[in-house]
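Summary of structural features
One-letter residues, chain by chain:
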Amino acid sequence: MKAKTVFFCSECGQESLRWLGKCPACDSWNTMVEQPAPSKTASAPLKGAFSGARPVAISDIVTGDEPRFSTGLSELDRVLGGGMVNGSLVLVGGEPGMGKSTLLLQICKYLCEKLRVLYVSGEESGHQLKLRAQRLNVDSKELFILSETNMQDILEAVSSLAPQILIIDSIQTMYSDSMSTAPGNVGQVKECTLSFMRLAKGQGITVFIIGHVNKEGAIAGPKVLEHMVDCVLYFEGDRHMSYRILRAAKNRYGSTNEIGVFEMGDAGLIEVPNPSEMLLAGRPQDVPGTCVACIMEGSRPMLAEVQALITPTSFGTPRRMTAGIDYNRAMLLLAVLEKRSGMFVGNCDAYINVIGGIKMDEPAADLPTILAVASSFKDKPIEGSLAAFGEVGLAGELRAVTAALPRLSEMLRLGFTKCILPKQGASRLKVPDGLEAVFVRDLREALQVVFG
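Criteria and cut-off values
- Residues numbered from 1 in each chain as written.
- Predicted model: local features only at pLDDT ≥ 70, side-chain atom pairs only at ≥ 80, totals over all residues.
- Heavy atoms only, no water.
- Axes fitted to C-alpha atoms, helices over the stretch in contact; angles between N-to-C directions.
- Helix = DSSP H or I, 4+ residues; strand = E, 2+ residues; numbered from the N terminus.
- Parallel < 35°, antiparallel > 145°, perpendicular 65-115°, else oblique.
- Left-handed = near helix turned anticlockwise from the far one by under 90°.
- Contact = heavy atoms within 4.5 Å.
- Nonpolar A, V, L, I, M, F, W, Y, C, P; charged D, E, K, R; others polar.
- Core = buried A, V, L, I, M, F, W, Y, C linked by side-chain atoms within 4.5 Å.
- Buried < 20%, exposed > 50% of the residue type's maximum accessible area, 1.4 Å probe, protein only.
- Pairing = 2+ DSSP bridges.

Let us look at the packing of helix H2 (residues 100-111) against helix H3 (residues 126-135). One way to put it is that H2 packs onto H3 with a least axis distance of 10 Å and a crossing angle of 70°. With respect to each other, H2 and H3 are oriented roughly perpendicular. As for the relative orientation of H2 and H3, their crossing is right-handed in sense. Here H2 contributes Ser 101, Thr 102 and Leu 105 to the contact with H3, which in turn contributes Leu 129, Arg 132, Ala 133 and Arg 135. Class assignment of the residues belonging to the contact of H2 with H3 gives a composition of three nonpolar, two polar and two charged.

Written out as structure tokens, the structure reads:
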């Protein structure tokens, strides 16, 4: 008798009894994957988790401040919203070599001072983990290592050891005996994550799950995996550079705007408390095509260097490339610059880059990007003590952005003496002493202030 099968959408997890070219839930094409239908035992709740739950009136539920505890890394605590929460399920994703395993093994040094930690690895042996732990100077009798991929064996180990922290490295290597598919399959990833979610909520164990990413940069497996966890953290950065950025894509216990900055060293990840100084290190002086921008990452102002290179094209169609800034947004700014200022960049190759591997996705980066392009086009450098921020509209007008005062304070702290910003909202802004603020209405005024 042929086994019953169902079809899963690899993007959103939608189930269907037959194959569909287009997923009816997320409208993705060719994402339906055939899998054996899960058995009744696969969907049975874990003992001590959600089994036996009954409806309760919301007025009868007692709440209070969610207790948090530190991970030992202030940058990680910032991204988590102030620390870890008991019973939370955290997914850590990123490209290979970003430092996901290093980060979680490194925090064990601090956590094991008060808590018991079980580190389950499906990719490395105990000997390999021991070597890495020695390099990170991690050694504690409360840190237990388990090299296993079978879910049932892992749950038995958790039941016998009773740890407060559980680390899974990685979810794509785990499998359940209740399903006949291979590890890393859509059904296996979904089933194993559901088991860990029940474990976290039912027994109050904080679970960290490492997840690989696919070529598009998303967590490998069904998109529903991100909906099941409480927090999704992404490691960003260039593997060939030492700096790493930890960003929260989802957080039920805190903001999703905060980021943490680390530097990969020989002894593990090193926190970078002042990322602005890191991003501006080695900035060239008196060179055309560079301008300093101030962006907000959550509650933290950060200064970053925007570089632009404008050269006459040698082909019929100019080349346009961007790194660290949205391509479509950059093309929009080039069009505004040409239309409103008379700089004809339409027949020029344009290359725009943000130094340090950071991504600027807020409108406040519009003005410094245009100033860097204009500086390269005119071949005139911008004075090194000047920074800028502001949103540019299609009419060439400058619009105010949020958190202007923290941006100005960060500029002054790093030695900048002059800032160009929108005039809108200037009457309510108190400029810090020692910083000259030049308020402009539109793009023409800004270019006049910088280049005369």
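Once the structure has been displayed, the description carries forward.
Counting residues in hydrophobic clusters, the biggest one holds 48 residues, and the most contacted among them are Ile 358, Met 360, Leu 367, Leu 371, Ile 420 and Leu 447. When residues of this core are assigned to their parent elements, the largest contribution, six residues, is made by helix H9 (residues 366-378). Apart from residues lying up to four places away in sequence, Met 360 is in contact with Ala 293, Ile 295, Ala 304, Val 306, Gly 324, Ile 325, Val 354 and Ala 365.

One open sheet accounts for nine strands, arranged S8-S7-S9-S10-S6-S11-S12-S13-S14; its pairing is mixed. One side of each edge strand has no neighbouring strand; the edge strands of this open sheet are strand S8 (143-147) and strand S14 (268-271). Across this sheet, the average inter-strand angle for adjacent strands is 25°, counted without regard to direction. Looking at chain direction, strand S9 (residues 165-169) and strand S10 (residues 206-212) are connected through five bridges and run parallel. Within S10, the position partnered with Asp 169 by the bridge is Ile 210. Here H3 sits on the sheet and contacts strand S7 (117-121), S8 and S14; the angle it forms with S8, its principal contact strand, is near 145°.

With that settled, consider the sheet that holds strand S16 (residues 300-312). Strand order in the open sheet formed by seven strands is S17-S18-S16-S15-S19-S22-S23, and the pairing between neighbours is mixed. The strands lining the two open edges of the sheet, one partner per strand, are strand S17 (320-323) and strand S23 (436-440). Averaged over neighbouring strand pairs, the angle between their axes works out to 25° when direction is ignored. Note that strand S15 (residues 290-297) and S16 share eight bridges and pair antiparallel. Bridge pairing links Val 292 to Glu 305 in S16. In the packing of H9 onto the sheet, the strands contacted are S15, S16, strand S18 (348-354), strand S19 (386-388) and strand S22 (418-422), and the crossing angle to S16 comes to about 30°. Of the strands in this sheet, S22 and S23 are in contact with helix H11 (residues 443-451), which crosses S23 at around 140°.

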